[in-house]
Amino acid sequence: MSFVEKHVVVIYPHPDDEAFGASGTITKFREQGVPVTYLCGTLGEMGRNMGNPTFANRETLPEVRKKELIDACKVLDVELKMLGYRDKTLEFESRDEIAEHLKGLIETIEPSLVITHYPGHAVHPDHDALGAAAIEAVKRIETNRRPNVWAQAISRNHLEELGEPDISIDISPFFKKKMQTILAHHSQAQGVLGSMNPETDDIEAIAKERLGNEQFYTWNF
Amino acid sequence: MEQITIDQVQKQLERFLNKDVYVHLETTNGAYASHNNDKAYNVGAFIRNAQVNYKHAKIVGSGNAFRVGLKLDIGWIYAEGLSQYEVDDNDRLLMAGHDREGRLMVALEISETPFTY
């Protein structure tokens, strides 16, 4: 598949969501010369991975993850904007306020494509909430200026409920970059990949098996 | 953070006796517990910057599993599963328990100034 995009905006709530979810796709766009901006909702302040062995604690984690996020965006060569919400609280904030906040940013950047989580199929409440707010934000933009939205579903039942995703990106050519991006999130990489397959310590093998392609549903407004 | 020893942490807990302090208390098994294992449940709770004043404090336990109780005028603060502690640069007492992979399961933190919210 090949796409011609003007600018791509990625909207996820946590530092590392971009790495696990879309870093292959982002790399593909960057190699085509397409500018990419990551709007990262929180600093993952309430994450429970503290490194293994632990090197962070609840109070140092926000700064640790902020630095990891900045490093990961350097690896991906994307622009980063941190939105300043707090981890685990996005679903309790006003949906309307977050949508207006995002709408303002999207109207300034004028992307042709927005990538976010598929609300109701994104497992983590922050993913569902920010995905819903992002889609609401795009919906509020006039149709002639409205970017496309690719929504990412990670729930166990998304294939049964939503069918096959219409966008499937083979990221094997970009796997090395994806791994570099994941590993930039030093405090999270081992714990997240390890929990996907507790049988082995070979996190690169886990990543290859579990993260070999990146799939999205084009949102139908 | 380092391994809890009762003597060290008891001293630290007593440093805040009869003072207005801010508490962060949390337990979690992560947002993906039931996603990664369909027999598991997602359970978690946190309270950040609860303002309290405790009159009595005690740490009990051994090995890698300690409990802390803080006695308030009209109630208690309790945490189980603590194994590590640290007094950070802001003189705050941070206590936590982690699983084998270093993931936080429980935290109890006490400070004379509010935690960053």
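Just so it is clear, the structure is predicted and the values come from calculations on it, not from any experiment. (Residues numbered from 1 in each chain as written. Chains lettered and ligands numbered in written order. Predicted model: local features only at pLDDT ≥ 70, side-chain atom pairs only at ≥ 80, totals over all residues.)

Undergrad: Which parts of the structure should I look at to understand helix 4 (residues 125–139) of chain A?
TA: Because each turn of an α-helix spans 3.6 residues, side chains separated by three or four positions in sequence point in the same direction. Residues and elements named next belong to chain A. For helix 4, with 15 residues, the first-to-last C-alpha span of 21 Å sits near the 21 Å given by 1.5 Å per residue. Counting buried positions along helix 4 yields twelve of 15 residues, so the element is predominantly enclosed. For helix 4, the set of buried residues is D126, H127, D128, A129, L130, G131, A132, A133, A134, I135, A137 and V138. The secondary structure elements touched by the buried residues of helix 4 are strand 1 (8–12), helix 3 (95–109), strand 4 (113–117) and strand 5 (148–152). (Helix = DSSP H or I, 4+ residues; strand = E, 2+ residues; numbered from the N terminus. Expected span 1.5 Å × (residues − 1). Buried ≥ 20, exposed ≤ 12 C-beta atoms within 10 Å, placed from the backbone. Contact = placed C-beta atoms within 7 Å.)

Undergrad: I would appreciate a short explanation of the pairing of strand 7 (residues 84–87) of chain B in the present structure.
TA: Each regular strand displays side chains that alternate between the two surfaces of the sheet. All names here are of chain B. Bridge count between strand 1 (residues 2–3) and strand 7: two bridges; the pairing is antiparallel. If you follow Q3 over to strand 7, its bridge partner there is Q84. Linkage of strand 7 to strand 8 (residues 93–98), two consecutive antiparallel strands, is achieved through a turn of five residues, within which D91 is found at a positive phi near 65°. (Pairing = 2+ DSSP bridges.)

Undergrad: Teacher, can you tell me more about the nonpolar core here?
TA: Soluble, globular proteins show a tendency: their nonpolar side chains are buried together. The biggest cluster of nonpolar side chains holds 51 residues, and the ones touching the most others in it are A:V10, A:I11, A:V114, A:I115, A:A133 and A:A134. Here this core gets eight residues from one element, more than from any other, and that element is helix 4 of chain A. Excluding residues within four positions of it along the chain, A:I11 makes contact with A:L39, A:L102, A:V114, A:T116, A:L130 and A:A134. Membership of the second largest hydrophobic core comes to 24 residues, among which are B:I4, B:F16, B:V68 and B:L104. (Core = buried A, V, L, I, M, F, W, Y, C linked by C-beta atoms within 7 Å.)

Undergrad: It is not clear to me how the interface of chain B and chain A should be interpreted in this structure. Could you clarify?
TA: One widely used convention gives an interface's size as the accessible area the parts lose upon coming together. Facing the 20 residues of chain B at the interface are 17 residues of chain A. Every element with two or more residues in the side of chain B that touches chain A is listed here: strand 2 (21–28), helix 2 (33–36), strand 8 and strand 9 (104–111) of chain B. Taken together, the residues of the side of chain B that touches chain A sort by class into eight nonpolar, seven polar and five charged. (Nonpolar A, V, L, I, M, F, W, Y, C, P; charged D, E, K, R; others polar.)

Undergrad: Help me understand the packing of helix 1 (residues 17–31) of chain A against helix 6 (residues 175–184) of chain A, please; the structure alone is not making it clear to me.
TA: Each pair of packed helices gets described by two things: the angle between the helix axes and the distance between those axes. Residues and elements named next belong to chain A. The contact between helix 1 and helix 6 brings their axes to 9 Å, and the two run at 140°. In terms of their interaxial angle, helix 1 and helix 6 are classed as oblique. The hand of the helix 1/helix 6 crossing is right-handed. Of the residues in helix 6, those in contact with A19, F20, S23, G24 and T27 of helix 1 are F175, K177, K178, T181 and I182. In terms of residue class, the contact of helix 1 with helix 6 is made up of four nonpolar, four polar and two charged. (Axes fitted to C-alpha atoms, helices over the stretch in contact; angles between N-to-C directions. Parallel < 35°, antiparallel > 145°, perpendicular 65-115°, else oblique. Left-handed = near helix turned anticlockwise from the far one by under 90°.)

Undergrad: Can you help me understand the sheet that holds strand 9 of chain B in this one?
TA: Backbone hydrogen bonds are what pair the strands of a sheet, in a parallel or an antiparallel way. Residue and element names in this part refer to chain B. Here six strands make up an open sheet; going across it, the order is 1-7-8-9-2-3 and the pairing antiparallel. Only two strands of the sheet have a single neighbouring strand rather than two, namely strand 1 and strand 3 (44–52). Where strand 2 meets strand 3, eight bridges bridge the pair, whose relative direction is antiparallel. Counted as the bridge partner of T28 is G44 from strand 3.

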